[in-house]
Structures are given as structure tokens and as C-alpha cells.
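As a plain string of letters, each chain reads:
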Amino acid sequence: MKCRQEKFKTQSIEPSQHPYVKDRDRQMKLRTQIAVIVLIPLIGILITTAIGSQKALRVIVAADHTASVLDDTIIVSDLIHELQIERGLSAGFVSSGGDQLANELIAQRADVDAAHLAFDALMSAAQEFDTDRLEILASGLDALSAFRQGVSSLTATVPEVVSTFTQMIEDARAENAISLTNVDFAEVGSAGAGHAMLAA
């Protein structure tokens, strides 16, 4: 009986050495290796995507800022255009002794006033503009109402009309030129690419 037990002990196999256990361990190691092989590229793709998204966001923010500056310069450009028209009509009205362009001048003053209101809104949020120059321009616009009375009463001369309006126009032009020197036009085109990168 004792011999049989000893024989059985010698024939017994440790659990870790059993062929099934070995095969199972081998399969687990293979799965782990496959998972690592698959995960490494995925991690790389995720990192690349994250970097690309951050870059796209930076491009969009910069481009949107540039586009905002351009929108502001358009407001000033509209004001310049309307002032130029009123300058011509005012000079024509005064030189004709008030016989010509009276109705056109009234209508144009309304257009200038509308552009002036848009400019005032811009003034309250101006960042890219030379504030001192803007204040000079704003002062000229605020004094425009009193000057118009001189035009309407024909007490203003043609040279005074031309000089007054030209000064405001030149101040506005100079301000636009300064703000546009800080604009990177390539950023505006990049905004679309940035939005596309985020959408992908």
C-alpha cells in the first residue's frame, strides 16, 4: 500500500506544469502581446490627434481675432466713405450759395450719422486701434453737428468745408493703416483649415 502511494506521488504533476495550464499561460501572453502591438499605434494616433486639435484651435483663435480686426477697419472705412460724400456735397452746396444739392446733403448727413453710430460702438471696444487718434477723430465727429450749421447757413467757406472733412478722413485713414499693419492675412485663410481639422 505504501509503495502504491509513493508511486502515485512520483507520477503526480504540479498544477503549474500541467499542459493545459501552460497552454493557457501561453495564450494569455500572446493576447497581451497582441494588445500591446495594437495599442501602441492607437496611442500614437490619439497623441497626434490631440496635438493637431490644439494647433487647429490656436489657428482658429488667431484667425478669428484677425477677422475681428478687419471687421473693425471696415466700420472705419465706411465712415471714411460717407464723410467723403458729405464733403463733396457740402462744398457743392456752399459754392452754389445753397441753390444746389440741399436735399442730397440732408440725406447724406443721415448716412454719415449712421456710420458715426457704428464708429461710436467700435470706440467702446477698441483694442487694435490707436486710442489717442481715435479720440481726435471722435472729437471731430462730435463737433460735426455745429459745423454743419455753418454749412447750412452758408457761413462756412468751401476751403473750411474741405479742410474740416479732410482732417477727419485722414485721421480715420491713418488709424486703419496702423491697425492693418498688425494683421496677418494668412491667418484668415488658415481659419478654414483649422475648422476642417477639428471637424475631421
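Residues numbered from 1 in each chain as written. Predicted model: local features only at pLDDT ≥ 70, side-chain atom pairs only at ≥ 80, totals over all residues. Heavy atoms only, no water.

S.K.: Mind laying out the packing of helix 5 (residues 144–152) against helix 6 (residues 158–180), listing which residues take part and the relevant values?
M.R.: Think of two packed helices as two axes; the pair is described by the angle between the axes and how far apart they sit. Look at helix 5 against helix 6: their axes get within 11 Å of each other, and the N-to-C directions meet at 160°. As far as their axial angle goes, helix 6 and helix 5 are roughly antiparallel. Classified by chirality, the crossing of helix 6 by helix 5 is left-handed. Between helix 5, through Leu144, Phe147 and Val151, and helix 6, the contact on the second element is made entirely by Glu160, Val161, Thr164, Phe165 and Met168. (Axes fitted to C-alpha atoms, helices over the stretch in contact; angles between N-to-C directions. Helix = DSSP H or I, 4+ residues; strand = E, 2+ residues; numbered from the N terminus. Parallel < 35°, antiparallel > 145°, perpendicular 65-115°, else oblique. Left-handed = near helix turned anticlockwise from the far one by under 90°. Contact = heavy atoms within 4.5 Å.)

S.K.: Give me the lowdown on the packing of helix 3 (residues 102–124) against helix 5, citing residues and values where you can.
M.R.: One way to put it is that helix 3 packs onto helix 5 with a least axis distance of 13 Å and a crossing angle of 175°. Taken together, helix 3 and helix 5 sit at an angle that is classed as roughly antiparallel. Contact residues: helix 3 offers Leu105, Arg109, Val112 and Asp113, while helix 5 offers Leu144, Arg148, Val151 and Ser152. For the contact of helix 3 with helix 5, the class distribution of residues is four nonpolar, one polar and three charged. (Nonpolar A, V, L, I, M, F, W, Y, C, P; charged D, E, K, R; others polar.)

S.K.: With reference to specific residues and values, describe helix 5.
M.R.: Along helix 5, the residues that are buried comprise Leu144, Phe147, Arg148, Gly150 and Val151. Burial along helix 5 is one-sided: seen end-on, the buried residues are contained in an arc of 155°. Across from the buried face of helix 5, at angles greater than 90 degrees, the exposed residues are Ala146 and Gln149. Following helix 5 by one or two positions, Leu154 has its phi on the positive side, about 65°. (Buried < 20%, exposed > 50% of the residue type's maximum accessible area, 1.4 Å probe, protein only. Arc of directions from axis to C-beta.)

S.K.: Please provide a residue-by-residue account of the pattern of salt bridges, values included.
M.R.: According to the stated counting rule, one finds four salt bridges in the structure shown. Of the charged contacts, one joins Arg173 and Glu170 as a salt bridge, the two residues approaching to 3.0 Å between their closest N and O atoms. Of this pair, Arg173 and Glu170 both sit in helix 6, separated by three residues, roughly a single helical turn. Looking at Glu170, the relative accessible area reads 37%, which means it is partly exposed. A single network of salt bridges, built from pairs that share partners, joins Glu86, Arg109, Asp113 and Arg148. (Salt bridge = Lys/Arg side-chain N within 4 Å of Asp/Glu carboxyl O.)

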